[in-house]
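# Survey of secondary and tertiary structure
Listed below are the residues making up each chain.
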Amino acid sequence: MPVTVSMTVNGKAVSGEVEPRTLLVQFIRENLKLTGTHVGCDTSQCGACVVHIDGTSVKSCTVLAMQAEGSEVNTIESLATNDELHPMQAAFRENHGLQCGFCTPGMVMSAVDLVKENPDPSEQEIREWLEGNICRCTGYHNIVKSIKAGAEAMRS
Amino acid sequence: MTSEGIGASVRRKEDYRFLTGNGHYLDDINRQGQAHASFVRSPHAAAKINGIDISNATNAPGVIAVFTGKDLADDGIGPLICGWAITSKNGDAHNAPAHPALAVDTVRYVGDAVAIVIAETLEQAKDGAEQVAVDYEELPAVASPVGAMSASSPLVHDDAPGNLCYDWEIGDKAETDAAFEKAAHVTHMDIVNNRLIPNAVEPRAAIGEYDVGGDNLTLYTTSQNPHVARLVLSAFNGVAPEHKLRVIAPDVGGGFGSKIFIYAEETVCLWAARKVRQPVKWTAARSESFQTDAHGRDHVSKAELALDADGKFLGLRVNTVANMGAYLSTFATCVPSYLYATLLAGQYTTPAIYCDVQAVFTNTTPVDAYRGAGRPEATFVIERLVEQAAKETGRDPAELRRINMVPVDAFPYQTPVIQQYDCGNYGAALDVALDKADYAGFAQRRSDAEARGKRRGIGFSSYIEACGIAPSAAVGALGGGVGLWESGQIRFNPTGNVTIFTGSHSHGQGHETTFAQIVATRLGVAVENVEVVHGDTDKVMFGMGTYGSRSAAVGGSALCKAADKIVEKGMKIAAHILEASEDDIEFTDGNFTVAGTDKTMSIGEVAFAAYVPHNYPEGVEPGLNETAFYDPLNFSFPAGTHICEVEIDPDTGSVEIVNYTAIDDFGTVINPMIVEGQVHGGVAQGVGQALLEGCVYDDAGQLLTGSFMDYAMPRASTVPSIDVGMTETPSPLNPLGVKGCGEAGAIAAPAATINAVVDALWDLGVRDVPMPATASAVWQTIQSAAQAAE
């Protein structure tokens, strides 16, 4: 039995008919066609699907679309404004914090939330925060560097 | 070096779309009228199929069609192939039992596909797949490669006696045995190279699409080599003739080898699209990736190194059992043979080498190339032996390496195992590594650690690899079924900007930037005015794809050749317009100039003249668009030394990497930022193999590490920061002088890491530690050593 869900995504009110078992990430990708949020696993481990729900980073594969009813959801597509990269995105570019790019949206969304909670994270704090984000390409070295630089840019 | 030419760390052109969520990965693509596929897979490692009842599935809501292996066979769709022929010691061709894309009467590993269910939605396809009733009769299974060789082992294929794929050898056995006879010391080791699961973060996916009007098929696929996929799907699987098949590999989210191969799912989706006259899309769930992406490594070796009284290596003797899995994947056979044993000389002058390899079938997922492919296994054998020999003979491990390294004046150096190394300076990389890692200060750091109750160890890995594969004639002589050249096309547009087409494929390597840098340097065009097109068989004329660290050395060289042709033609056009002799025209920094004058034309102006040829030399074709094919003269041989330093808590066995130094010689470096990133990623995979990752099957062939919950991927908190440096001896054999950088980290790191762990524990009586050296494994090893000492 389809249900109707309504929420605000990237500042726009949206609604759609979904099966109750539909995950938030499916609603975002398939109903809203926002394909920047990726699916890399089926056990909520990889973090490629991280979005912000009411300002907090959440793996959108662990949430049913229905659970996000009435929420403010922000995806990777919301970060850049008028083609200008968000400081965290710019830091990833400047520090080569991405290779294939598949884990990148989740990494960036997770990093932005980290800096909100901890404006000046140490290398160790960054590495621990990224526990839920898997990257196979970069060895994390430049992701950590990017987040350090991104945090600094966000502070200033 | 200009600010954006070869040698500059140009920020990547591809990043904006990836950072803003605007990449086009396969699952982001949806075609009009698309249906969704789900595969029915074997839950058993070995079973006879007594029957498949699809009636309930066919009638399930939304289901469009259900197909089994019989339907494929009825349509004449050929089995999946292995494209590299290996000849056994006795002259027999390797054993290659049929590998149907959908199993017909027997399943041979957990995850073996038996049917495809196609439905209007993915959920309906999955629900439908649940309704397919397969009557399995379980058979005994074998998962261990050594177990598969025992006389009592079940047979994976009735037509593969002894489960043997091949029994191959390389090197001179008699000469090697003789070298051991005169040895002052022999180091013996049993070495297991643990089985790995590649786990690119983007799962494999495919969309097959049929155009009824043109009778054309298109396959969207997560491929590292779309033209090879088209060739195989046409010539061997018979899905469509080559000219009626387009293969598109869009943005691909990492490959590491696992996306080279032509798999069952892609083949079946493409075939099924014509059957149902709708696009058919499949995206692997991660659990399917674990079960079906070709795994890597899985070698069991007995290895011996003979040394004389001065520590000079006299001979190396290795026997390796290599697991092929249940069927032969596309290039499976060449990995534990020509990509492995031909590298067993390492960086050393070992005069006599013999290796024999038994490749065996087991009831496990097929095994094929994974980042490094054979070369990590070779390096692990050599570098564990060398380190162990140093310890056994009381020599400094760095010095033992140094006295055995191929000296700088010995290049080109012919090894006893086919390869001829082009150039290198192995001692220079070792020196830089010793300096950067502060080897001199290690003793102090060790005693400081001891005071804190920690065991500290240092380990080396002086590796070599063969990259830039490879000269086509050599490939053919060694059994390869393809040529391994590359193509490049440079098309100036009339307004002076450039579109380049390459047969290489980028899935993280940054070719859109580095290839633009190559062309910018050669032709004096701004990087921002160069667009790189790849991954579409209808756009790029042909190509062999990206693997084996070949894109810059082979694909980049093809672009250099095409650039030379552009300049050659530009000379003629400029000479005509500038009213000078062609011999007097010089081309520098993008300008054609009459020597000694200020008469000049930019290459953009020449391009415009070529497309608007009002004032144009007679006999010269309009247009400025050149193509080139480049067949390499030899492999290239990147090499270097990595040094790993660990601290171990002896009470828990937990290993922490406290320093990691990587000094690599990749020849000319096009974009240092990107090259360093490749090293970081490779080292993380190598450290992952050494400390975390291990694919585990139980005795019944069940995959116990089938998810990210069970298989330990390197995470940000479990891999170290990496100190990267480079030495540079440009390869004399290609126009760029490049050697390849994609695999070095994964090749070097396992030996460096395990050598460090063993060094830390040597005084406790530990002589070896298995990979992955998890806290549990290390703790057990410490306890066993303590018990043995009692």
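Position numbers for residues start from 1 in each chain and track the written sequence from start to end. Labels follow written order: the first chain is A, the first ligand is 1, and so on. Where local features are concerned, this predicted model is filtered to residues with pLDDT of at least 70; where side-chain atom pairs are given and counted, the filter is 80 or more; whole-chain, interface and lining totals use all residues.

### Quick look at the overall build of chain B
Secondary structure is summarised from DSSP: a helix means a run of H or I of at least four residues, a strand means a run of E of at least two, and numbering begins at the N terminus for each. Within chain B, the regular secondary structure consists of 20 helices and 28 strands. The globule rule puts the C-alpha radius of gyration for 790 residues at 28 Å, and the 27 Å found for chain B is close to it. When its C-alpha atoms are laid out on the principal axes, chain B stretches across 95 × 75 × 50 Å. For chain B, the proportion of contacts with a sequence separation of at least 24, taken over those separated by at least 6, is 80%. Put simply, the radius of gyration uses C-alpha atoms, and a globule should come to 2.2 Å times the residue count raised to 0.38. Whether two residues are in contact is decided by their C-beta atoms, placed from the backbone, lying within 7 Å.

### As for the overall build of chain A
Within chain A, the regular secondary structure consists of five helices and five strands. When its helices and strands are written in sequence order, chain A yields β-β-α-β-β-β-α-α-α-α. The C-alpha atoms of chain A give 15 Å as radius of gyration, which agrees with the globular expectation for 156 residues (15 Å, within 12%). Sequence-distant contacts in chain A: of pairs separated by 6 or more residues, those separated by 24 or more amount to 61%.

### Remarks on the packing of helix 10 (residues 375–393) of chain B against helix 11 (residues 397–404) of chain B
Residues and elements named next belong to chain B. The geometry of helix 10 relative to helix 11 is characterised by a closest axis approach of 9 Å and an angle of 115° between their N-to-C directions. At the point where helix 10 passes helix 11, the crossing takes the right-handed sense. Every residue of helix 11 that contacts helix 10 at Val386, Glu387, Ala389 and Ala390 is listed here: Pro397, Leu400 and Arg401. For the contact of helix 10 with helix 11, a count of residues per class yields five nonpolar, no polar and two charged. Every angle, taken between N-to-C directions, lies between 0 and 180 degrees, and every axis is a line fitted to C-alpha atoms, over only the stretch in contact when it is a helix. Each crossing is labelled by how the near helix is turned from the far one, with a counterclockwise turn of less than a right angle marking it left-handed and a clockwise turn marking it right-handed. Residue classes follow a fixed rule: Ala, Val, Leu, Ile, Met, Phe, Trp, Tyr, Cys and Pro count as nonpolar, while Asp, Glu, Lys and Arg count as charged, and any other residue, Gly among them, counts as polar.

### Some thoughts on the domain arrangement of chain A
Where each domain begins and ends follows an automated or database-derived domain assignment. Each domain of chain A was delimited in the assignment, giving domain 1 (3–78) and domain 2 (87–155). Facing 16 residues of domain 1 of chain A, the contacting portion of domain 2 of chain A comprises eleven residues.

### Side note on the domain arrangement of chain B
Residue and element names in this part refer to chain B. When cut into domains, chain B gives domain 1 (31–139 + 202–253 + 259–292), domain 2 (299–469 + 634–789) and domain 3 (485–630). Looking at the side of domain 1 that touches domain 3, the elements with two or more residues in it are helix 7 (226–235) and strand 11 (245–248). With four residues, the top contributor of residues to the side of domain 1 that touches domain 3 is helix 7. Its residues assigned to classes, the side of domain 1 that touches domain 3 shows eight nonpolar, four polar and three charged.

### Quick notes on the sheet that holds strand 2 (residues 47–53) of chain B
Residue and element names in this part refer to chain B. Judged by pairing direction, the sheet is antiparallel, and its three strands sit side by side in the order 4-2-6 without closing on themselves. The open sheet has two free edges, formed respectively by strand 4 (106–107) and strand 6 (133–138), since each of these has just one partner strand. Here strand 2 runs beside strand 6; their pairing, made up of six bridges, is antiparallel. Bridging across to strand 6, Ala47 finds its partner in Glu138. Should DSSP find at least two bridges between two strands, the strands are regarded as paired.

### Observations regarding the nonpolar core
Residue and element names in this part refer to chain B. By definition, a nonpolar core groups buried Ala, Val, Leu, Ile, Met, Phe, Trp, Tyr and Cys residues that are joined through C-beta atoms within 7 Å. Buried residues are those with 20 or more other C-beta atoms within 10 Å of their own C-beta, exposed residues have 12 or fewer, and partly exposed residues lie in between; C-beta atoms are placed from the backbone. Ranked by size, the top nonpolar core spans 311 residues in total, and within it Ala115, Val117, Ile118, Leu344, Val519 and Val757 carry the most contacts. Here the element with the most residues in this core is helix 19 (residues 744–761); it accounts for 13 residues. Excluding anything up to four places from it in sequence, Ala115 contacts Val40, Ile52, Ile54, Val66, Phe67, Thr68, Leu102 and Val132.

### Points about the environment of His188(B)
Assignment of secondary structure puts His188(B) in strand 8 (residues 185–193). Assessed through the 12 C-beta atoms surrounding it within 10 Å, His188(B) is described here as exposed.

### As for the interface of chain A and chain B
If you look at the interface, chain A gives 46 residues, while chain B gives 44 residues. Every element with two or more residues in the side of chain A that touches chain B is listed here: helix 2 (87–94), helix 3 (104–117), helix 4 (123–129) and helix 5 (141–155) of chain A.

### Some thoughts on helix 18 (residues 672–692) of chain B
Multiplying one less than the number of residues by 1.5 Å gives the expected span of a helix. For helix 18 of chain B, with 21 residues, the first-to-last C-alpha span of 29 Å sits near the 30 Å given by 1.5 Å per residue. The element helix 18 of chain B is largely enclosed, with a buried count of 19 among its 21 residues.

### As for the sheet that holds strand 15 (residues 352–361) of chain B
Residue and element names in this part refer to chain B. Spatially, five strands are ordered 7-15-14-13-8 in an open sheet, and the strand pairing comes out mixed. Each edge of the sheet is formed by a strand with only one pairing partner; in this case those strands are strand 7 (164–171) and strand 8. The sheet shows a mean angle of 10° between the axes of neighbouring strands, direction not considered. Taken together, the nine bridges between strand 13 (residues 299–307) and strand 14 (residues 313–325) define a ladder with antiparallel strand orientation. Looking at the pairing, Ala303 lines up with Val318 of strand 14.

### Examining the packing of helix 11 of chain B against helix 12 (residues 426–436) of chain B
Residue and element names in this part refer to chain B. The contact between helix 11 and helix 12 brings their axes to 10 Å, and the two run at 165°. The orientation of helix 11 with respect to helix 12, classified from their angle, is roughly antiparallel. For the crossing formed where helix 11 meets helix 12, the hand is left-handed. Residues Ala398, Arg401 and Arg402 of helix 11 touch helix 12, and the partners they reach there are Gly427, Leu430 and Leu434. The residue makeup of the contact of helix 11 with helix 12, split by class, is three nonpolar, one polar and two charged. Relative orientations are named as follows: roughly parallel for angles under 35 degrees, roughly antiparallel for angles over 145 degrees, roughly perpendicular for angles from 65 to 115 degrees, and oblique for any other angle.

### Here we look at helix 5 of chain A
If you check helix 5 of chain A, its first and last C-alpha atoms are 22 Å apart, about what 15 residues at 1.5 Å a residue would give, namely 21 Å. Those residues of helix 5 of chain A that are buried are in contact with helix 2, helix 3 and helix 4 of chain A together with helix 18 of chain B.

### A look at the environment of Glu512(B)
Residue and element names in this part refer to chain B. Topologically, Glu512 is positioned in helix 15 (residues 511–523). Sequence separation between Glu512 and Ile500 is twelve residues, and the spatial gap between their C-alpha atoms is 9.5 Å. Leave out the neighbours within four places in its chain, and Glu512 touches Lys13, Glu14, Ser506 and Val532.

### A word on unusual backbone geometry
Comment: phi is negative for the bulk of residues other than glycine, and the bulk of peptide bonds are trans. Residue and element names in this part refer to chain B. The residue after Ile469, namely Ala470, is reached through a cis peptide bond having omega -15°. Inspection of the secondary structure puts Ala470 in the loop between strand 18 (455–464) and helix 14 (472–477). A cis amide bond links Met771 with the next residue in sequence, Pro772, at an omega value of -5°. With respect to the helices and strands, the residue Pro772 is situated in the loop between helix 19 and helix 20 (775–789).

### Quick notes on the pairing of strand 22 (residues 585–588) of chain B
On a regular strand, each side chain points to the face opposite its neighbour's, so the side chains alternate between the two faces of the sheet. Residues and elements named next belong to chain B. As paired strands, strand 22 and strand 23 (residues 591–594) are joined by four bridges and run antiparallel to one another. Looking across to strand 23, one finds that Glu586 is bridged to Thr593. The turn linking strand 22 back onto strand 23 is made up of two residues, and Asp589 within it adopts a positive phi angle of 50°.

### A short note on the environment of Ser3(B)
All names here are of chain B. Along the chain, the position of Ser3 falls in the segment before helix 1 (15–19). By the C-beta count within 10 Å, which is 8 here, Ser3 ends up exposed. The sequence separation of Ser3 and Ser258 amounts to 255 residues, and the corresponding C-alpha distance is 35 Å.

### So, the confidence of the model for chain B
Any segment with low pLDDT has predicted coordinates that should not be analysed in fine detail. Per residue, pLDDT captures the predictor's confidence, and it can take any value from 0 to 100. The predicted model of chain B averages 97 in pLDDT, with 100% of residues at 70 or higher. In the model output, the complex is listed with pTM 0.97 alongside ipTM 0.98.

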